[in-house]
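Notes for the structure review
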Amino acid sequence: MFVGIISRLISDVWYSILINGTRQGFFHSTRGLKQGDPLSPTLFILAAETLTKALNILHDRECYIGFSIDQNGPQINHLYYAYDLVIFSSGNKRSIKMTLNALHNYEEASGQEISKEKSFFVTVAQTPKPKRRMIEIVTGYKHQHFPFKYLGCPIYCGRKIIFYFNDMVTKILQFQSKPRHLILDDCITDEGTWDLDFISQLVPADILDKISKIPISDRRETYIAIWTPSTDGRFNCSTAFEIVRQRKDQLEETINHLFLESDTAKAVWNLFYTNLGLTPHTPSLSGRLFTWITINTHNKFIRTMHQIIPIYICWEIWKARCASRYGNGAPPIYKIFQEILFHIKIYLNKIGARVDLRWNWYNLCTQLDNLRPSLIFTPVTWGKPPNNWIKINTDGRSNSEDLLAGIGGIVRDKNGSLVMAFAKKLYFCTNNTAELSATFFAISWCIANNYMNIILDLDSLLVVNIIQEYSSIP
């Protein structure tokens, strides 16, 4: 449900172009977010978290050799800030390939690509040239010497050298050299008039025109700053905001007005309240959402419907608002109502309610109380292998809370008789690693005992795809 809502937020957006200050029509978006959309960093963090976990999980693999300053110290994996990523790794060829594979999987899943032109690797000065050449061939990145910059700071190896910090010191000195205040006497000529040539370099033309109209009093008097937008002459943030903000001719739009108090919102909410015995008494949107979500009922479908109705109502009201402002006008109330009802019935069907899409709102409310989840039974049987064949069944499990992992399996012949069974503990690893380890152990045993006609019967689609080379090892 969350993924569907986010997808519609991204794909159901209208854009309008300003030409010479006038809005000219609109066009529909199919992907991407608006610049400055507060949803953008949230989605980026969700995607970036996947890369972080993929890199951190490498340390759980026995064959991975990470980066560590001291053998007994922590293994540092990577530093990640926005689009800047620094990965720490050993020079082990296999470990480097595992890191690159994690990055490749992230590129395929996210659609983002690593810029090889801007990427590089750094090694200590004692690293042999053949080792550097190997890393360069495996990664495709160019080699660079220390120091390099990360977030504006020099990253170096060895003792501190002054010129590493030259750029940083220069920027600080330039910042300190900028004027923090302006002396009023500098803006007045010796003749007692405004030095408009000098002031024009500091303020916009409209402000310069206002300054030129201010009479200059006796320069021996004490100057007092007066903030004209306020009645007492003192500066305050509220009057400054009144000047800066861009007012519109229409009333200010608030969340409560849009989703609760507008004519469209009232009509839509009342249509759904009618058959549920509820009254729209809450004055805020958060209060109304809380009321719907916390309605106590023992029926799973009715409880779910109460939770999704306010979400779909707010979404359709927002779409109607955008269509009214940027499109061809808001749809009529009955169309908004039917659209919400359709989404509700589709969602209830997805969770097993078996709702008839032809039902109206009254039928849905009256029939939903009698609906029960449908039970679907799928028989699971074990099929015997053909003559001269054996069948392997394996499984693997990992528990992140107890940091335990284990594998097990059984090998049987054409009659279903036991040939071999095994169970084994592993170091903590992922579930996929455990599944692969169980399969590898069983196949290795069969080959060692001259069983070449093997049928694998697994419950892990990932392992099956890897064996059939439909996907690569994560």
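Notes on the structure follow. Since the structure is predicted, the reported quantities are computational estimates derived from the model, not experimental observations.

The subject of this paragraph is the nonpolar core. If you look at the biggest cluster of nonpolar residues, it comprises 33 residues, and the most contacted ones within it are Trp-269, Phe-272, Ile-344, Trp-361 and Leu-364. Listed by contribution, the elements that provide at least two residues to this core are helix 9 (255-261), helix 10 (263-273), helix 11 (285-293), helix 12 (300-326), helix 13 (333-350) and helix 14 (361-368). In terms of residue count, helix 12 provides more of this core than any other element does, 10 residues in total. Dropping the residues within four chain positions of it, Leu-364 is found in contact with Met-305, Leu-341, Ile-344, Lys-345, Leu-348, Val-355 and Trp-359. Ile-392, Cys-429, Ala-442 and Cys-446 belong to the second largest nonpolar core, which has 12 residues in total.

With that settled, the discussion passes to the packing of helix 12 against helix 14. Put simply, helix 12 and helix 14 touch, their axes get as near as 10 Å, and they point 140 degrees apart. Looking at the two axes, helix 12 sits oblique to helix 14. The way helix 12 lies across helix 14 gives a crossing that is left-handed. Judged by residue contacts, Phe-301, Ile-302, Met-305 and Ile-309 of helix 12 engage Trp-361, Leu-364 and Leu-368 from helix 14. The residue inventory of the contact of helix 12 with helix 14, partitioned by class, reads 7 nonpolar, no polar and no charged.

Now for a nonpolar patch on the surface. On the surface, Ile-17, Ile-19 and Phe-27 cluster together to form a nonpolar patch covering roughly 280 Å² of accessible area. With respect to the element layout, Ile-19 can be found in strand 1 (residues 14-19). Given a relative accessible area of 46%, Ile-19 falls into the partly exposed group.

Take Gly-152: it is sitting in the loop between strand 7 (148-150) and strand 8 (153-155). A relative accessible area of 45% places Gly-152 in the partly exposed class. Considering only alpha carbons, one finds Gly-152 and Phe-165, 13 residues apart in sequence, at a separation of 9.9 Å.

Cut-off values and rules
Residues numbered from 1 in each chain as written. Predicted model: local features only at pLDDT ≥ 70, side-chain atom pairs only at ≥ 80, totals over all residues. Heavy atoms only, no water. Core = buried A, V, L, I, M, F, W, Y, C linked by side-chain atoms within 4.5 Å. Buried < 20%, exposed > 50% of the residue type's maximum accessible area, 1.4 Å probe, protein only. Helix = DSSP H or I, 4+ residues; strand = E, 2+ residues; numbered from the N terminus. Contact = heavy atoms within 4.5 Å. Axes fitted to C-alpha atoms, helices over the stretch in contact; angles between N-to-C directions. Parallel < 35°, antiparallel > 145°, perpendicular 65-115°, else oblique. Left-handed = near helix turned anticlockwise from the far one by under 90°. Nonpolar A, V, L, I, M, F, W, Y, C, P; charged D, E, K, R; others polar. Patch = residues over 30% accessible without salt bridge, like charges linked within 9 Å, V, L, I, M, F, W, Y side chains within 5 Å. Areas by Shrake-Rupley, 256 points an atom, 1.4 Å probe, with all protein chains shown as cover. Salt bridge = Lys/Arg side-chain N within 4 Å of Asp/Glu carboxyl O.

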